[in-house]
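Architecture and fold: a report
Okay, here's what each chain looks like letter by letter:
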Amino acid sequence: MKLRIFIAAAAALVLSGCVKQTPYDYTAFRASKPASIVVLPAKNSSPDIQAAHSLVSVMTAPLAESGYYVFPVAVVDKTFEQNGLASANDAQGVSTAKLHEIFHADAALYVDVISYGTKYRVVDSVTEVSAVARLVDLRTGKQIWEGKGYASDAQDNSNNGLVGMLITAAVKQIANNMTDKGHDIAIIAGTSMLSADGRNGSILPGPRAKGKTAF
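Residues numbered from 1 in each chain as written. Predicted model: local features only at pLDDT ≥ 70, side-chain atom pairs only at ≥ 80, totals over all residues. Heavy atoms only, no water.

Mapped onto the fold, serine 87 is located in the loop between helix H5 (73-82) and helix H6 (88-92). Classification of serine 87 as partly exposed rests on a relative accessible area of 29%. Separated by 45 residues in sequence, serine 87 and alanine 42 place their C-alpha atoms 9.0 Å apart. Looking at serine 87, its side chain comes within polar contact range of the side chain of aspartate 90, at 3.1 Å. (Helix = DSSP H or I, 4+ residues; strand = E, 2+ residues; numbered from the N terminus. Buried < 20%, exposed > 50% of the residue type's maximum accessible area, 1.4 Å probe, protein only. Polar contact = N/O pair within 3.5 Å; in protein donor to acceptor, adjacent residues only side chain to side chain.)

In structure tokens form, the structure reads like this:
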């Protein structure tokens, strides 16, 4: 897990260093000062039916490590099911006031999975996960942060020759189908999106963050 977090953070730093970015506006985030977050069931725009559950299941760890109390995913899912809200659209359609009444959380994370899984190409197969998220203060109904995460196992096979690239792609495809590589990539994507690592646009450290100044 630590290695994956390091890789995700390093990649983000490299990318951020290549493009001059406008400083992210944290005014609303700092005014909100959320201490507890409920991660709502994610919407899924990818063709993989397991994508939403897979990504949401790995989001608790980076948020907790960033200093927030995060409601257990299983408890959140069960709560919605018991209230007749079986889909992510239903769950994300509940008013912020009602969500605050039910969970007593300071904020809710709304997630949409854009891509998930392995794509077979002519000379390679690539496993990728991408998602967007927004954090909303349940006490005011205002959005206080938005971000995105992306990770893939794409490699440069240009020196292997056409036959070598085709064999590599086939082997990767078989391995991905047997081991659910998408879930491993989802861990990196979720970590890159929800770690309070000081990058421009990353979430701010929460009140339980160790060695970091909250808000």
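From this point on, the discussion continues.
With their axes 12 Å apart at the nearest point, H5 and helix H7 (residues 96-103) run at an angle of 115 degrees to one another. Along this stretch, H5 crosses H7, giving a crossing that reads as right-handed. Side by side, H5 and H7 meet where Val76, Thr79 and Phe80 of the first sit next to Leu99, Ile102 and Phe103 of the second. (Axes fitted to C-alpha atoms, helices over the stretch in contact; angles between N-to-C directions. Left-handed = near helix turned anticlockwise from the far one by under 90°. Contact = heavy atoms within 4.5 Å.)

Bringing the side chain of threonine 127 into the picture now. In this fold, threonine 127 is placed in strand E5 (residues 125-137). Among the polar contacts made by the side chain of threonine 127, one reaches the side chain of threonine 118 at a distance of 2.6 Å.

The tally for this structure, following the rule as stated, stands at five aromatic pairs. Taken together through their ring pairs, the aromatic side chains of Tyr69, Phe71, Phe80 and Phe103 make up a single cluster. A cation over an aromatic ring shows up here: arginine 134 above the ring of tyrosine 110, its NZ or CZ 4.4 Å from the ring centre. (Phe/Tyr/Trp six-rings, centres within 6.5 Å; stacked < 30°, edge-to-face > 60°. Lys NZ or Arg CZ within 6 Å of the ring centre and 35° of its normal.)

Here strand E1 (residues 36-39) shows a buried face lined by Ser36 and Val38 and a second buried face lined by Ile37 and Val39. With two bridges connecting them, E1 and strand E3 (residues 69-70) associate as parallel partners. Looking at the pairing, serine 36 lines up with tyrosine 69 of E3. Pairing of E1 with strand E4 (residues 107-120), which is carried by three bridges, proceeds in the parallel orientation. Its bridge partner being in E4, valine 39 is matched across the sheet by leucine 109. (Pairing = 2+ DSSP bridges.)

Here the focus is the environment of tyrosine 69. Among the structural elements, tyrosine 69 can be located in strand E3. As a C-alpha pair, tyrosine 69 and aspartate 106 span 37 residues in sequence and 9.9 Å in three-dimensional space.

The subject of this paragraph is the nonpolar core. Counting 37 residues, the largest nonpolar core has Leu55, Leu109 and Trp145 as the members making the most contacts within it. Every element with two or more residues in this core is listed here: E1, helix H3 (51-57), E4, E5, strand E6 (143-152) and helix H9 (181-194). Counting residues per element, this core draws most heavily on H9, which supplies seven residues. When residues no more than four places from it in sequence are discounted, the contact partners of leucine 109 are Ile37, Val38, Val39, Leu40, Met59, Leu63, Ala133, Arg134, Leu135, Trp145 and Leu194. (Core = buried A, V, L, I, M, F, W, Y, C linked by side-chain atoms within 4.5 Å.)

Turning our attention to the pattern of salt bridges. Scanning the entire structure with this criterion turns up five salt bridges. Here glutamate 101 ties to lysine 98 by a salt bridge, and the two come within 3.6 Å at their closest N and O atoms. Note that glutamate 101 and lysine 98 are positioned in helix H7 at a spacing of three residues, about one turn of the helix. Judged by relative accessible area, glutamate 101 falls into the partly exposed class, the value being 48%. With a closest N to O distance of 2.9 Å, arginine 199 and aspartate 197 form a salt bridge. (Salt bridge = Lys/Arg side-chain N within 4 Å of Asp/Glu carboxyl O.)

A separate point is the pairing of E5. Most of E5 sits out of view: 11 of its 13 residues are buried. Taken together, the nine bridges between E5 and E6 define a ladder with antiparallel strand orientation. The residue of E6 that forms the bridge with valine 132 is lysine 148. Hairpin connection between E5 and E6: a loop of five residues separates the two successive antiparallel strands, and glycine 141 in this loop has a positive phi of roughly 80 degrees.

Our next topic: the environment of arginine 30. As for its placement among the helices and strands, arginine 30 is situated in helix H2 (residues 27-32). Its relative accessible area of 40% is what places arginine 30 among the partly exposed residues. A sequence separation of 185 residues divides arginine 30 from phenylalanine 215, and the C-alpha atoms of the two residues are 5.4 Å apart.

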